[in-house]
Amino acid sequence: MTTHIGANKGDIAPTVLLPGDPLRAQWIAENFFENPVRYNTVRNMFGFTGTYKGNPVSAQGTGMGVPSLSIYVTELFKDFDVQTAIRVGTCGAVGPLKLRDVVIAMSASTDSGTNRRATGGLDYSPTANYELLEAAVSAARSRNISHHVGGIATMDLFYDDSNALDILESLGVYAVEMETTGLYTIAAKYRRRALTICTVSDLIRTHEVTSAEERETGFKAMVEVALDAAFA
Ligand code: HPA
């Protein structure tokens, strides 16, 4: 038991998928896992463990934003010995990206102050685990899924009136979400493997958004890529 995860050691698999939405964790468990069991209901931040093609695997909701995700991934790494964590989420996009594209995040720039707390003010570059990244790219390619591999940005504000996005786009950062920089930095601290895969749910310049059905289809493709990469 930890403060936020009401499970026993051993209830959570060494490999965990991390959607922001706890109901997505349930959806992943119901649609992809054999024999899923719910191990956490604290704050309704559901977590499930089952197997995928015989491999033990869990799905844990993280909530939105770096502060919420940081609580769950710290407890997963520190107290539950999780070795591999793959965020499966949605992102907003600019530049050449299209709705429903899968983005595989090499790095996560940020305007969040959390990493500087870990580095004493130094600008650390939170980076994906290369093994997982390579396996995810290979899975997306072989499944013929339209994908983009590059740096993303983890932003503190969903509703942001600043010109941050213009600056990021000028540096080739085309996708924004709200969690990955925390995941990559905490994984580095505990020497664990981490990757973020996200599907483009909205085009920020044109305000185009995916329908609920498209989000579900896109989410399915992304989970398949994540599971292929996890057990490659
Ligand atoms: N901004 C930040 N996070 C997001 C977005 C966005 O437009 N879409 C999905 N997650």
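It should be noted that the structure appears before, not after, this text.
Residues numbered from 1 in each chain as written. Predicted model: local features only at pLDDT ≥ 70, side-chain atom pairs only at ≥ 80, totals over all residues. Heavy atoms only, no water.

Student: Go over the overall build of the protein with me, naming the residues and quoting the values.
Tutor: Per the secondary structure count, the protein includes 7 helices and 10 strands. A compact globule built from 232 residues would reach a C-alpha radius of gyration of about 17 Å, and the protein, at 16 Å, matches this within 12%. Structurally, the protein occupies a C-alpha span of about 45 × 45 × 30 Å along its principal axes. Burial analysis of the protein (232 residues in total) assigns 54% to the buried set. Residue pairs in contact within the protein that sit at least 24 positions apart in sequence constitute 73% of those at least 6 positions apart. Here the protein has roughly 10,900 Å² of accessible surface; of this, 51% comes from carbon and sulfur atoms. The protein carries 20 positive and 26 negative side-chain charges, and their two centres are separated by 5 Å. (Helix = DSSP H or I, 4+ residues; strand = E, 2+ residues; numbered from the N terminus. Rg over C-alpha atoms; globule rule 2.2 N^0.38 Å. Buried < 20%, exposed > 50% of the residue type's maximum accessible area, 1.4 Å probe, protein only. Contact = heavy atoms within 4.5 Å. Areas by Shrake-Rupley, 256 points an atom, 1.4 Å probe, with all protein chains shown as cover. Lys, Arg positive; Asp, Glu negative; His and termini not counted. Charge placed at Lys NZ, Arg CZ, Asp CG, Glu CD.)

Student: Help me get a handle on helix 7 (residues 212-230), residues and values and all.
Tutor: The end-to-end C-alpha separation of helix 7 is 26 Å, in line with the 27 Å expected for 19 residues at 1.5 Å each. The set of residues buried in helix 7 consists of Gly218, Phe219, Ala221, Met222, Val223, Glu224, Val225, Ala226, Leu227, Ala229 and Ala230. (Expected span 1.5 Å × (residues − 1).)

Student: Describe in detail the site of the ligand, supporting the description with residues and values.
Tutor: Near the ligand the following residues occur: Thr90, Cys91, Gly92, Phe158, Val176, Glu177, Met178, Ser201, Asp202 and Ile204. Glycine 92 places a main-chain nitrogen or oxygen 3.1 Å from a nitrogen atom of the ligand. Aspartate 202 is positioned with one of its side-chain polar atoms (N or O) 2.7 Å from a nitrogen atom of the ligand. Protein chains shield 89% of the accessible area of the ligand, which is 260 Å² for the free molecule. Mapped by element, the contributors of at least two residues to the shell around the ligand are strand 5 (84-93), strand 8 (175-177) and strand 9 (193-203). (Near = heavy atom within 4 Å. Polar contact = N/O pair within 3.5 Å; in protein donor to acceptor, adjacent residues only side chain to side chain.)

Student: Quick rundown of the pairing of strand 9? Include the residues and the values.
Tutor: Among the 11 residues of strand 9, 10 are classified as buried, and the element is accordingly described as predominantly covered. Pairing between strand 5 and strand 9: 10 bridges, direction parallel. Note on strand 9: the bridge partner recorded for glycine 92 is aspartate 202. Of the strand pairs in this sheet, strand 6 (residues 102-110) and strand 9 are connected by 4 bridges, and their pairing is antiparallel. Across the sheet, alanine 105 pairs through a bridge with threonine 196, a residue of strand 9. Inspection of the sheet shows strand 9 paired to strand 10 (residues 208-209) by 2 bridges, in the antiparallel sense. When the bridges of strand 10 are listed, aspartate 202 appears paired with valine 209. Hairpin connection of strand 9 to strand 10: 4 residues between the antiparallel strands, including histidine 207 at a positive phi of 60 degrees. (Pairing = 2+ DSSP bridges.)

Student: Report on helix 2 (residues 66-80), specifying residues and quantitative values.
Tutor: For helix 2, spanning 15 residues, the distance from its first C-alpha to its last is 20 Å, which sits close to the expected 21 Å at 1.5 Å a residue. Those residues of helix 2 that sit buried are Val66, Ser68, Leu69, Ser70, Tyr72, Val73, Glu75, Leu76, Phe77 and Phe80. Buried residues along helix 2 sit in contact with strand 1 (15-18), strand 4 (55-60), strand 5, helix 3 (114-119), strand 7 (147-154) and helix 6 (180-190). Immediately beyond the C-terminal end of helix 2, within one or two residues, lies aspartate 81, with a positive phi of roughly 55 degrees.

Student: Mind laying out the environment of arginine 215, listing which residues take part and the relevant values?
Tutor: Mapped onto the elements, arginine 215 comes out in helix 7. The residues contacting arginine 215, other than those within four sequence positions of it, are Arg24, Ser201 and Thr210.

Student: Explain the packing of aromatic side chains residue by residue, including any values.
Tutor: In this structure the tally under the stated criterion is 6 aromatic pairs. Look at tyrosine 52 and phenylalanine 231: their rings are 6.4 Å apart centre to centre, the planes differ by 25 degrees, and that puts the pair in the stacked class. Taken together, the positions of tyrosine 52 in strand 3 (residues 47-52) and phenylalanine 231 in the segment after helix 7 put the pair 179 residues apart, joining distant regions of the chain. Ring plane angle 40 degrees and centroid distance 6.3 Å describe the contact between phenylalanine 77 and tyrosine 190, whose orientation is recorded as tilted. Taken together, the positions of phenylalanine 77 in helix 2 and tyrosine 190 in helix 6 put the pair 113 residues apart, joining distant regions of the chain. Clustering of aromatic rings is evident, with ring pairs tying together Trp27, Phe32 and Phe219. One cation-aromatic arrangement involves arginine 24 over tryptophan 27; the distance from NZ or CZ to the ring centre is 5.7 Å. (Phe/Tyr/Trp six-rings, centres within 6.5 Å; stacked < 30°, edge-to-face > 60°. Lys NZ or Arg CZ within 6 Å of the ring centre and 35° of its normal.)

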